Amino acid sequence: MVDAVPGRLTLITGPSGVGKGTLVAQLLAKHPEIWLSISATTRSPRAGEVDGQHYFFLSRETFEQQVTAGGFLEWAEFAGNLYGTPRKPVEDSLALGRPVLLEIELEGARQVRQSFPAGFQVFLKPPSFEELERRIRGRGTDSEEAISKRLGRARIELEAEGEFDAALVNGDLATALVELERLMGL
Ligand code: 5GP
């Protein structure tokens, strides 16, 4: 296991519902120097989600045009929707020496590993699969179909833990935050 060097690209992945978003929000609140990439998606906004803040919400057509134009650093299909990391803002932030953070799913993480082999990739995992299911259902925002797609994908993603520079259990949030800061050298 290697620890991160401050200033480089860090990526957090892990199954849907594991709590990546909450952990990342807490990390950013404590470390405002970190720049979080805002992804594009074809998914519809959830209640409270703001375009340009949580995601750039795009039509499938616009998303596909941007794929063709090479506008994404990585992109993947997840539970029936497309998600991608806009390339330019990441490259600009890195060029300015700002630490960059990506929070994305497994297929995208694998693509970033190819393009940024020096990046630091953290796998966030739940204490158990049952706990993950409880969290995904507890969110109460997704249809039964979307929930079962997410659970199916989560089983596959959990097997990928060994590919990552570090694995972190998100049982207690405060503990996970301290451990993530340590891994990132913050
Ligand atoms: P959600 O629909 O719950 O916001 O996100 C579903 C999954 O897509 C999550 O695992 C999230 O990390 C991932 N995701 C969000 N943005 C991106 C992105 O830009 N690229 C990829 N590959 N995955 C993303």
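Conventions we followed
- Residues numbered from 1 in each chain as written.
- Predicted model: local features only at pLDDT ≥ 70, side-chain atom pairs only at ≥ 80, totals over all residues.
- Heavy atoms only, no water.
- Buried < 20%, exposed > 50% of the residue type's maximum accessible area, 1.4 Å probe, protein only.
- Helix = DSSP H or I, 4+ residues; strand = E, 2+ residues; numbered from the N terminus.
- Pairing = 2+ DSSP bridges.
- Near = heavy atom within 4 Å.
- Polar contact = N/O pair within 3.5 Å; in protein donor to acceptor, adjacent residues only side chain to side chain.
- Lys, Arg positive; Asp, Glu negative; His and termini not counted.
- Salt bridge = Lys/Arg side-chain N within 4 Å of Asp/Glu carboxyl O.
- Contact = heavy atoms within 4.5 Å.
- Axes fitted to C-alpha atoms, helices over the stretch in contact; angles between N-to-C directions.
- Parallel < 35°, antiparallel > 145°, perpendicular 65-115°, else oblique.
- Left-handed = near helix turned anticlockwise from the far one by under 90°.
- Core = buried A, V, L, I, M, F, W, Y, C linked by side-chain atoms within 4.5 Å.
- Arc of directions from axis to C-beta.
- Phe/Tyr/Trp six-rings, centres within 6.5 Å; stacked < 30°, edge-to-face > 60°.

S.K.: I'd love a proper account of the pairing of strand S9 (residues 166-169), names of residues and values included.
M.R.: Judged by which residues are buried, S9 turns out to be one-sided: Ala166 and Leu168 face inward and are buried, whereas Ala167 and Val169, on the alternate face, are not. Where strand S8 (residues 120-125) meets S9, four bridges bridge the pair, whose relative direction is parallel. If you follow Lys125 over to S9, its bridge partner there is Val169.

S.K.: Summarise the site of the ligand; cite the residues concerned and give the values.
M.R.: Surrounding the ligand, one finds 16 residues, the nearest of these being Ser39, Arg43, Tyr55, Tyr83 and Glu103. Residue Arg150 places a side-chain N or O atom 2.9 Å away from an oxygen atom belonging to the ligand. Put simply, the parts of the chain that give the shell around the ligand at least two residues each are strand S5 (72-78) and strand S6 (81-86).

S.K.: Outline the side chain of Lys20, supporting the account with residue identities and numerical values.
M.R.: Note on placement: Lys20 falls in helix H1 (residues 20-30). No salt bridge is formed by the buried Lys20, whose closest oppositely charged neighbour, Glu103, lies at an N-O distance of 4.2 Å. With sequence-adjacent residues up to four places away left out, Lys20 is seen in contact with Ile12, Thr13, Gly14, Pro15, Glu103, Ile104 and Leu124.

S.K.: Quick one: what's the story with the packing of H1 against helix H7 (residues 173-183), residue by residue and with numbers?
M.R.: It is at 10 Å that the axes of H1 and H7 come closest, and there the two elements cross at 60 degrees. For the element pair H1 / H7, the angle class is oblique. Remark: the crossing between H1 and H7 carries right-handed chirality. The residues of H7 that touch H1, namely those facing Thr22, Leu23, Gln26, Leu27 and Lys30, are Leu173, Ala176, Leu177, Leu180 and Glu181.

S.K.: Describe the sheet that holds strand S1 (residues 9-13), naming the residues involved and giving the relevant values.
M.R.: Read across the open sheet, the five strands follow the order S2-S7-S1-S8-S9; overall the sheet is parallel. The two strands at the open ends of the sheet, each matched to only one other strand, are strand S2 (35-36) and S9. Against the sheet, helix H4 (residues 106-115) contacts S1, strand S7 (100-103) and S8, and its axis sits at roughly 155 degrees relative to S1. Each of S1, S8 and S9 is contacted by H7, which is oriented at about 165 degrees to S9, the strand it contacts most.

S.K.: Give me the lowdown on the nonpolar core, citing residues and values where you can.
M.R.: Among the nonpolar cores identified, the biggest contains 23 residues, and Ile12, Leu23, Leu27, Leu101, Leu168 and Leu180 are the most heavily contacted of them. Of all the secondary structure elements, the ones that give two or more residues to this core are H1, S8, helix H5 (129-138), helix H6 (144-158), S9 and H7. Tallying contributions element by element places H7 first for this core, with four residues. Sequence-distant contacts of Leu168, defined by excluding residues within four places in its chain, comprise Leu23, Val122, Phe123, Leu124, Lys125, Ala176, Glu179, Leu180 and Leu183. If you look at the next biggest cluster of nonpolar residues, it comprises 14 residues, including Leu9, Leu11, Val100 and Val112.

S.K.: Describe H7, and please don't skip the residues or the numbers.
M.R.: Ala176, Leu177, Leu180, Glu181 and Leu183 are the residues of H7 that are buried. Seen from one end, H7 has its buried residues packed into an arc of 160 degrees, which puts them on one side. Opposite the packed face of H7, turned more than 90 degrees from it, sit the exposed residues Thr175 and Val178. In the segment just after H7, Gly185 is the residue with positive phi, at about 70 degrees.

S.K.: Any details on the packing of aromatic side chains? Residues and values, ideally.
M.R.: One pass over the full model with this rule turns up six aromatic pairs. Between the aromatic rings of Phe63 and Trp75, the centroid separation amounts to 6.3 Å while the plane-to-plane angle is 70 degrees, which identifies the pairing as edge-to-face. In this pair, Phe63 sits in helix H2 (residues 60-68) while Trp75 sits in strand S5, placing the two residues twelve residues apart along the sequence. The rings of Tyr55, Phe57, Phe78 and Tyr83 are connected pair by pair, giving a single aromatic cluster.

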